[in-house]
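Here is what each chain is made of, one letter per residue.
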Amino acid sequence: MKQVSGLRKFWNEHPLALALTLILVYVVGTGNLRNSVGDESIFMTVWMVALTLSVVLLTIRLHAGQKLGLGPVRFGRRQLYLLALLPIPAVNLLAGLHASAPVSSLLCESVSMILVGFLEEVIMRGYLFEALRKDSLKEAVLITSLTFGIGHIVNLFTGQTTLSTLLQVGYALAIGLVFALVLVKTGSLWPCIFIHSLMDLLAVFAGQISSQQAALVSLLLMVYCLGLAWYLWKKVPGSVQTG
């Protein structure tokens, strides 16, 4: 009990330190494995499962589920605007579905990508957002979105082109803004987790498009998400001016 109480005390007193530690562990561990063995490797899947279980256990021991937006989900007609999130993962269906890799590789990568969506939401818009919102809710929305977008710069080190990476940073920032506002408006992280995991999962089976088409899709997605973020900020009940 003393150990648990000490852990909860540390989180209460140093929430930002805990959030940044989780981000560092996730980015360094996942980035190194992605560079060395790839997303389709069983080693990546084992890492993602182990990290997910660790974060879930940590959340349970901290009794942090409700604070992080992981409590029971209650949605009704007032939340129908959440349907506007569906075009975000749907962009990966534009070229149809394609699967040429071995079943074992597809299975490993699918599990890993689903867990990537869960972990990034719980860490970024869970722990980090909760740490920042105590000072300013508006700053928490903006900073977590910026962090989420800039975090994709690491893809430069996986062989991705500079243009593709910059476009990914742009639309990831816009998506992050939408997800942060969804969390504020609904009090739940589950819609963000579902859409994020679905987007990453569909990317595993997405058909190939040209670099020019990919750039256009990225720009359109960024514009769509910025427009949706404006709508959530201005039109959907629930203030983001607190703090």
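Residues numbered from 1 in each chain as written. Predicted model: local features only at pLDDT ≥ 70, side-chain atom pairs only at ≥ 80, totals over all residues. Heavy atoms only, no water.

The next thing to look at is the nonpolar core. Tyr127 and Val178 are the most contacted members of the largest nonpolar core, which totals 60 residues. Here this core gets 13 residues from one element, more than from any other, and that element is helix H5 (residues 103-133). Setting aside anything within four residues of it in sequence, one finds tyrosine 127 in contact with Trp11, Leu18, Ala19, Leu22, Val55, Leu58, Thr59, Leu62, Ala64, Leu68 and Val122. (Core = buried A, V, L, I, M, F, W, Y, C linked by side-chain atoms within 4.5 Å. Buried < 20%, exposed > 50% of the residue type's maximum accessible area, 1.4 Å probe, protein only. Helix = DSSP H or I, 4+ residues; strand = E, 2+ residues; numbered from the N terminus. Contact = heavy atoms within 4.5 Å.)

With that out of the way, let us pick up the confidence of the model for the protein. In the predicted model, the protein carries a mean pLDDT of 89, and 93% of its residues have values of at least 70. The secondary structure element of the protein with the lowest average pLDDT is helix H1 (residues 2-13), at 78, and the one with the highest is helix H3 (residues 42-61), at 97. (pLDDT = per-residue confidence, 0-100.)

Another aspect to go through is helix H9 (residues 211-234). In a regular helix each residue adds 1.5 Å, so 24 residues correspond to 34 Å; H9 covers 35 Å between its end C-alpha atoms and thus fits that length. When H9 is considered as a whole, its buried residues turn out to be Ala215, Ser218, Leu221, Cys225, Leu228, Ala229 and Leu232. For H9, the elements touching its buried residues are helix H4 (87-90), helix H7 (162-186) and helix H8 (190-205). (Expected span 1.5 Å × (residues − 1).)

Here we take up the environment of threonine 144. With respect to the secondary-structure elements, threonine 144 resides in helix H6 (residues 137-150). Along the chain, threonine 144 and glutamate 120 lie 24 residues apart, while their C-alpha atoms are 11 Å from each other. Excluding residues within four positions of it along the chain, threonine 144 makes contact with Met124, Arg125, Leu128, Phe129, Leu132, Glu139 and Ala180.

Within the chain, histidine 63 stands out as a residue other than glycine whose phi angle is a positive 55°. Along the chain, histidine 63 turns up in the loop between H3 and H4.

Here we take up the pattern of salt bridges. The tally for this structure, following the rule as stated, stands at 2 salt bridges. Among the salt bridges present, the one from arginine 34 reaches aspartate 39, with a minimum N-O distance of 2.8 Å. In this structure, arginine 125 and glutamate 121 form a salt bridge, with 2.6 Å as the shortest nitrogen-oxygen distance. Of this pair, arginine 125 and glutamate 121 both sit in helix H5, 4 residues apart, roughly one helical turn. Note on glutamate 121: relative accessible area 0%, which makes it buried. (Salt bridge = Lys/Arg side-chain N within 4 Å of Asp/Glu carboxyl O.)

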